[in-house]
Structures are given as C-alpha cells and as structure tokens.
Amino acid sequence: MRSFSIVVAADLANGIGFEGKLPWRLKKDMAFFARITSKIVHSTTCSTRVNACIMGRVTWESIPARFRPLSSRFNVIVTRNPHYLDNKPEKNNPLVALASSFEDALDLVESLQGQSPVEPGSSPSSSVADIQVERIFLIGGAQLYNQGILSKDCSNIFMTRIQAIVKCDTFFPNIDPSQYRLLPRYESHTFLENYLQEPVEAGIITEGEYSYEYTVYHRDS
Ligand code: FOL
C-alpha cells in the first residue's frame, strides 16, 4: 500500500516555480491543495490519523513559515543532510520527519500506514510511532516529481492546470501518455468528488489574471 499521488499546479509549459516560489498566487487552488492533502476519508478520524506530504527540502523552505509544517498532515522532508532540523523549531514536532531519499520517505510513511488505532482516551500523539498515515502525497519539487512520476507506485497526478504560460525556472516533467491517462473533464471532476467525498468546483476557474482547472492523470498500467 505504498501507492501515492502527486499534487501540483503547473502552467501550459509545465512550469511550476520561479526563484524558489510559486509563480502565481491562487487562493482557491491553495485551499484545494490544503483540502486534498488534508482530508481523511476512510475509517475513524482521530487526532493521530493524518495524510502524509512528502516534499523536497527546497519545497519545504518555499512554504511560508506560518504555514509550516503543513497542519494536520505528516510532513516528510527529503534531504541528504541528517542534521537539517537541528536547531529548528520543528525538531521535536511529531508531525515532521526527515528522510534521506524519496524511497526512504516512502518506506517511512508506509511503515506508519495500516496500523491499529491507539487506545481510545489515550493522550494525543507525542511521537512518530503514534502517527497513523492514511493517504500519501508527493508535493514537490521538480527533483522529487522527476523521481515520483517514474514510480509504479504513483497512482494519480492531481494537476491544477493554469491556462497560461508564466515565467518559470522550474518545471514538472513530461507525463508519459503510455503510463498515465488524462481523464476527460467530466471524469476528472467525478474522480475528485469521489476521492474527496465532497463537492469540488467543476470546469474552468478564474482568479485574478489566471484561469485554471483541476485535472487528474491516472496510471492505468
Ligand atoms: N498543488 C497545487 N494544486 N497548488 C499548489 O500551489 C501547490 N504547491 C505545492 C505543491 N503542490 C501544489 C508546493 N508549494 C503551501 C505553500 C506552497 C506550496 C504548498 C503549500 C502552503 O502554504 N499551504 C497551506 C495553505 C495556506 C493557505 O491557505 O494559503 C496548507 O495548509 O496547505
């Protein structure tokens, strides 16, 4: 069950970033990102049951400090520096962990999946051992997307497609159509509402100068 989904916002040229930040500010898409990565759909919701967000160190640093770690999610930061969190405020946060590779990150979150819930009435989670992981998301950046998209464990790519070409210096890899199928508009929407078990805005969304759409690529093979 180490299957995971990629979540990304990209423009028509697959651009995803510029100078260490998102090239756009899309309030509703960011709310959608928070919703899809946070929502617990299966079984009993309890304080220790969360989805996991795996991200590269650069992506972690791109998240505004006030939103870091991503709330109510298990944040796994991939970095080769095992001391990365030393002297950082997240050091002792049970919802933040380090992994030295994407594979190690998957191994870690997989080991926290499908465990039996802790006793009712027990105190809130204070160690990684108490965390139960439900869904696994890879949230960037380019270096990890390049690895993740090649993995047979990547089942879905939830891509917010921005209908423009924006100045970017970081890009999402090309999606091999022999591995993933872009669901037609109606199917993408149905898939997302079924996945989230709640309504999702359909069709093209306009926010400020940008139009965009929530799309789904699904791995069939
Ligand atoms: N996927 C989509 N669809 N849109 C994105 O902007 C996006 N961004 C990343 C990965 N996948 C994405 C990586 N970058 C936050 C900031 C940057 C970021 C990811 C998340 C962030 O601050 N998230 C807060 C929401 C804060 C708010 O409501 O404005 C969170 O709680 O998720």
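Residues numbered from 1 in each chain as written. Predicted model: local features only at pLDDT ≥ 70, side-chain atom pairs only at ≥ 80, totals over all residues. Heavy atoms only, no water.

So, about the site of the ligand. Residues in close proximity to the ligand total 17 residues, the closest being Val7, Asp29, Arg73, Ile139 and Thr160. A distance of 3.2 Å separates a nitrogen atom of the ligand from a polar atom in the backbone of valine 7. In the model, a nitrogen atom of the ligand is placed 2.6 Å from a nitrogen or oxygen of the aspartate 29 side chain. Isolated, the ligand exposes 670 Å² of accessible area, and the fraction of that covered by the protein chains is 87%. If one sorts the elements of the shell around the ligand by residue count, helix α1 (residues 27–38) sits on top with four residues. The residue makeup of the shell around the ligand, split by class, is 13 nonpolar, two polar and two charged. (Near = heavy atom within 4 Å. Polar contact = N/O pair within 3.5 Å; in protein donor to acceptor, adjacent residues only side chain to side chain. Areas by Shrake-Rupley, 256 points an atom, 1.4 Å probe, with all protein chains shown as cover. Helix = DSSP H or I, 4+ residues; strand = E, 2+ residues; numbered from the N terminus. Nonpolar A, V, L, I, M, F, W, Y, C, P; charged D, E, K, R; others polar.)

Following the criterion strictly, the structure yields 13 salt bridges and no others. Between glutamate 187 and arginine 181 there is a salt bridge, with the nearest N and O atoms lying 3.4 Å from each other. Looking at glutamate 187, the relative accessible area reads 35%, which means it is partly exposed. Because the salt bridges share partners, they merge into one network encompassing Arg2, Glu103, Asp107, Glu110 and Asp153. (Salt bridge = Lys/Arg side-chain N within 4 Å of Asp/Glu carboxyl O. Buried < 20%, exposed > 50% of the residue type's maximum accessible area, 1.4 Å probe, protein only.)

The full count for this structure, using the stated rule, is seven aromatic pairs. Each ring, one from phenylalanine 32 and one from tyrosine 214, has its centre 3.9 Å from the other, and the planes form 15°; the classification is stacked. Pair noted here: phenylalanine 32 is in helix α1 and tyrosine 214 is in strand β11 (residues 210–219), with a separation of 182 residues, a long-range link. Residues phenylalanine 32 and tyrosine 214 agree in their burial class; the two are buried. These aromatic residues form a ring-pair network of at least three members: Phe32, Tyr212 and Tyr214. Just above the ring of tyrosine 195 sits the side chain of arginine 135; from NZ or CZ to the centre is 3.5 Å. (Phe/Tyr/Trp six-rings, centres within 6.5 Å; stacked < 30°, edge-to-face > 60°. Lys NZ or Arg CZ within 6 Å of the ring centre and 35° of its normal.)

Take the pairing of strand β3 (residues 49–56) next. Here β3 lies mainly inside the structure; eight of its eight residues are buried. Pairing of β3 with strand β4 (residues 73–78) involves six bridges; the strand directions are parallel. Paired with isoleucine 54 across the strands is valine 76, a residue of β4. For the handedness criterion, the β-α-β arrangement of β3, helix α2 (residues 57–62) and β4 is classed as right-handed. (Pairing = 2+ DSSP bridges. Right-handed = clockwise from strand over helix to strand, strands pointing away.)

In this structure, the second largest pocket spans a volume of roughly 260 Å³. Every element with two or more residues in the lining of the second largest pocket is listed here: β1 (4–10), β6 (132–138) and β7 (154–162). Element by element, the count of residues in the lining of the second largest pocket is highest for β6, at four residues. The residue makeup of the lining of the second largest pocket, split by class, is five nonpolar, seven polar and three charged. (1 Å grid on protein atoms, 1.4 Å probe; cavity = no way out; pocket = protein on both sides within 12 Å on 5 of 7 lines; lining within 4 Å. Points joined across faces, edges and corners; volume = space filled by probe spheres on them.)

A separate point is the side chain of arginine 49. Residue position: arginine 49 is located in strand β3. In terms of polar contacts, arginine 49 uses its side chain to reach the side chain of glutamine 132, at 2.9 Å. At a separation of 2.9 Å, a polar atom in the side chain of arginine 49 contacts the side chain of glutamate 134.

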